[in-house]
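Spelled out, the chains give:
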2 protein chains.
Amino acid sequence: MISKSTIKLLRSLSVKKYRLKEKLFLIEGTRLFSEALKSNYPIKHIWVLEETIENSSIQKLLTEFRTSKTPIDIVSQIEIKQISETIQSQGIVGIAQIPEISTHKDWNQNLLILDRISDPGNLGTLLRTAEWFGIKTVILSENCADLFNPKVVRSAMGAHFYQRIFQTNLFDLCDDLLKSNYSIIGGLMDGESLESLDISDNNWALILGSEAHGIDENLVSKCTHKVTIPKFGNLESLNVTSAGGILLHELKNR
Amino acid sequence: MISKSTIKLLRSLSVKKYRLKEKLFLIEGTRLFSEALKSNYPIKHIWVLEETIENSSIQKLLTEFRTSKTPIDIVSQIEIKQISETIQSQGIVGIAQIPEISTHKDWNQNLLILDRISDPGNLGTLLRTAEWFGIKTVILSENCADLFNPKVVRSAMGAHFYQRIFQTNLFDLCDDLLKSNYSIIGGLMDGESLESLDISDNNWALILGSEAHGIDENLVSKCTHKVTIPKFGNLESLNVTSAGGILLHELKNR
């Protein structure tokens, strides 16, 4: 059973304003819950569809969450439809606290900086890719998709639980990074070929820009390296998630 | 003006059955039309929103399409909403013929093989990435998203106009490729590290598998090389489009 006020709360969390007010975000699907367990990210409450309790992967999750004393409620088909954001729900929905992220300057060696990534699927995929490559700090400009939008959370596949992600003024950030001798690498359409990129320093930040407009010109001027992925075909650009994957892979494997 | 029967036809093209029947697919947005011009892909008919005719990029497109005698009709806001698939239409919609693709075995040197890629955005992005890397033949298994689904077309950004893309039995295809001494490279979670991949032959095919299940086991057994992208973080997998970008970049730049 789930109360009307809880349904109202959960539904409100698909809207940014209410996420900020409640400091909560929605989690759905078995993979996200298993990453939350792996990373010890606290889940405040879980609702599970009655019909799926026998499912072995759900059962395993519930056993672990019961051990950590997470409140779990069993709900009906009708109820899960009212609280699930996805069309084909896996039958498990939860809420977690939006973390208080410190924006201190104690950066990691490698950073990902995202300038105006507006598509939630792209933002989530970039966080997922960054986590694959061990990037633990991701810094967003204003006008990125909202970090706790359910689509971002779904496509990030749990990256939120492992990373420090925050929004700040990217111009000031780049000035600070330059003072600390970071290489700032911008992914651009007309930079030097990635093959000839030569970074001597282990401290670097990669900037990726908006799907439609690329990196803001004033940010480009802060870049110590402007790189382009060699092209062999006809189209004018790569999707930002593909470009981000290629650049992070190259930077991490040099 | 646009007739009721034309509206009905255009709306029907969001459904695969009617696309196959009419042998037509929908095109939207200025970038797709400019790629169609660049590649000389014939557009059968264009509808443009009255309010956007003064827009310089639309004007430039229309001038070129008029030269090639493509029929162009001007439509109202209400009409464009009835025929557009997107929420924020750029005010230009068209139809093009679904090509008759020969499935002959006169392959290119490099092929991309996609096994059960079910998300339309992923399929389109993979085609776009493949075209960036000059891959001119892409071969799909059954159960991939439909190639001419409007979301696939949009995210492919014009790749359809440059590539030979067809569906076939991948097991038979791999047998044929092996007979022709192609290297078959499978992107997997538990293969050898991409860094140590050594392909002596210039003829290769890359296989990428389903978002949820990876490459079919029976296809994996056909691979001459099984590769994994080195991981530095915690998550269990990369998005298939990021993985595809990284693998194609590596294969093309060796």
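About the thresholds
Residues numbered from 1 in each chain as written. Chains lettered and ligands numbered in written order. Predicted model: local features only at pLDDT ≥ 70, side-chain atom pairs only at ≥ 80, totals over all residues. Heavy atoms only, no water. Contact = heavy atoms within 4.5 Å. Buried area = accessible area lost by both parts, 1.4 Å probe. Salt bridge = Lys/Arg side-chain N within 4 Å of Asp/Glu carboxyl O. Polar contact = N/O pair within 3.5 Å; in protein donor to acceptor, adjacent residues only side chain to side chain. Helix = DSSP H or I, 4+ residues; strand = E, 2+ residues; numbered from the N terminus. Nonpolar A, V, L, I, M, F, W, Y, C, P; charged D, E, K, R; others polar. Domains from an automatic or database assignment. Phe/Tyr/Trp six-rings, centres within 6.5 Å; stacked < 30°, edge-to-face > 60°. Buried < 20%, exposed > 50% of the residue type's maximum accessible area, 1.4 Å probe, protein only.

## Brief notes about the interface of chain B and chain A
Interface size is commonly expressed as the accessible surface area that is lost when the partners come together.
Argument step 1. At the interface, 38 residues of chain B touch 38 residues of chain A.
Argument step 2. Summing the contributions of chain B and of chain A, the shared interface buries around 3500 Å²; its carbon and sulfur component is 57%.
Argument step 3. Looking at the side of chain B facing chain A, the largest losses of area belong to Trp132, Phe232 and Leu235 of chain B, adding up to 25% of the total buried there.
Argument step 4. In this structure, the connection of chain B to chain A is made through 0 salt bridges.
Argument step 5. The tally of links between chain B and chain A comes to 20 residue pairs in polar contact (both at pLDDT 80 or more).
Argument step 6. Of all elements in the fold, only α3 (30-38), α6 (120-132) and α10 (240-252) of chain B reach the threshold of two or more residues within the side of chain B that touches chain A.
Argument step 7. Among the elements that line the side of chain B that touches chain A, the one with the most residues is α10 of chain B, at 7 residues.
Argument step 8. Here the residues of the side of chain B that touches chain A sort into 14 nonpolar, 13 polar and 11 charged.

## Topic: the domain arrangement of chain A
Residue and element names in this part refer to chain A.
Argument step 1. Considered domain by domain, chain A is made up of domain 1 (4-97) and domain 2 (110-252).
Argument step 2. A straight line from the C-alpha centre of domain 1 to that of domain 2 covers 30 Å.
Argument step 3. Domain 1 puts 16 residues into the contact, and the matching count from domain 2 is 12 residues.
Argument step 4. In this assembly, domain 1 packs against domain 2 so that about 1300 Å² is buried in total across both faces, 69% of it on carbon and sulfur atoms.
Argument step 5. When the buried area of domain 1 at its contact with domain 2 is split by residue, Arg19, Phe25 and Leu32 rank highest and sum to 36% of it.
Argument step 6. For Arg19, the salt bridge is made with Asp146, and the minimal N-O distance between the two is 2.8 Å.
Argument step 7. In this structure, the connection of domain 1 to domain 2 is made through 3 residue pairs in polar contact (both at pLDDT 80 or more).

## Let's talk about the packing of aromatic side chains
Residue and element names in this part refer to chain A.
Argument step 1. Enumeration over the complete set of coordinates arrives at 12 aromatic pairs over all chains.
Argument step 2. Between Phe25 and Phe148, the aromatic rings sit 4.6 Å apart at their centres with planes inclined by 45 degrees, giving tilted as the arrangement. Of this pair, Phe25 sits in strand β1 (residues 24-28) while Phe148 is found in the loop between β6 (137-140) and α7 (150-156), placing the two residues 123 residues apart along the sequence. Taken as a pair, Phe25 and Phe148 share a single burial class, namely buried.

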